[in-house]
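A closer look at the structure
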Amino acid sequence: MCIRDRLYSSRTGLVWQAFLKERLNNELKRAASFDQDLVLGIISITEPPAEVSPDMLGGLILEHFPFSDLSFEYGENTYAVIIPNTDLDQGISNFEAFMAPAANLCGSESAAVIAVGLSSRNGRLLESDRLITEADKALKKAAAEHKSSIIAFRTDPSKYRDYLASRA
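Residues numbered from 1 in each chain as written. Predicted model: local features only at pLDDT ≥ 70, side-chain atom pairs only at ≥ 80, totals over all residues. Heavy atoms only, no water.

**Points about the sheet that holds strand 2 (residues 71-73)**
- Pairing is mixed in the open sheet, where 5 strands are placed in the order 2-3-1-4-5. Of all the strands in the sheet, the pair left with one neighbour each is strand 2 and strand 5 (149-153). Neighbour to neighbour, the strand axes of the sheet diverge by 20° on average, direction disregarded.
- Summarising the sheet, strand 1 (residues 38-46) and strand 4 (residues 113-120) pair through 8 bridges and their orientation is antiparallel. Bridge pairing in strand 4 links leucine 40 to serine 119.
- On the sheet, helix 2 (residues 20-33) packs against strand 1, strand 2 and strand 3 (78-84) and is oriented at approximately 20° with respect to strand 3.
- Of the strands in this sheet, strand 1, strand 3, strand 4 and strand 5 are in contact with helix 4 (residues 88-106), which crosses strand 4 at around 165°. (Pairing = 2+ DSSP bridges. Helix = DSSP H or I, 4+ residues; strand = E, 2+ residues; numbered from the N terminus. Axes fitted to C-alpha atoms, helices over the stretch in contact; angles between N-to-C directions. Contact = heavy atoms within 4.5 Å.)

Shown next as structure tokens:
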């Protein structure tokens, strides 16, 4: 078994979900050391047509997001993408550019809804669990729209620092 078989799912061509937290923590540390931002996006596609296979969706994700080792399975018909050196507004633009081809792949006659939840490091020192929780909350709000949409979790770094100080 080669390393590619252990890291990437044969079903989608994306990295297994089990590697997301570790990889995201490493990317958050790297981004903090270079004072860069980072965006985590979680994509959910509800009711994709039967003819749209998981590997087709994985291929579309890899086509639109540059780093194959930063695109992950994240449950049934759900995917996570880390975009390094990108702020939240740029991340929104990147995911907006993904939405049209994803909708085309699913077809206009399908009941598929594409929901995206985003969060970013935004100058904060944080662990992967926090960023995943924020992106998950944004995804739930986007999915509640019942139409294809993107919701971004926007933080205020100074309020976040105050929150951390109050917990110490």
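**Re the packing of aromatic side chains**
- Evaluated as defined, the whole model comprises 2 aromatic pairs.
- When the centroid spacing of 4.7 Å and the interplanar angle of 40° are considered together, the rings of phenylalanine 65 and phenylalanine 95 count as tilted. Taken as a pair, phenylalanine 65 in the loop between helix 3 (54-64) and strand 2 and phenylalanine 95 in helix 4 lie far apart in primary sequence, 30 residues in all.
- On the basis of relative accessibility, which here comes to 0%, the residue phenylalanine 95 falls in the buried class. (Phe/Tyr/Trp six-rings, centres within 6.5 Å; stacked < 30°, edge-to-face > 60°. Buried < 20%, exposed > 50% of the residue type's maximum accessible area, 1.4 Å probe, protein only.)

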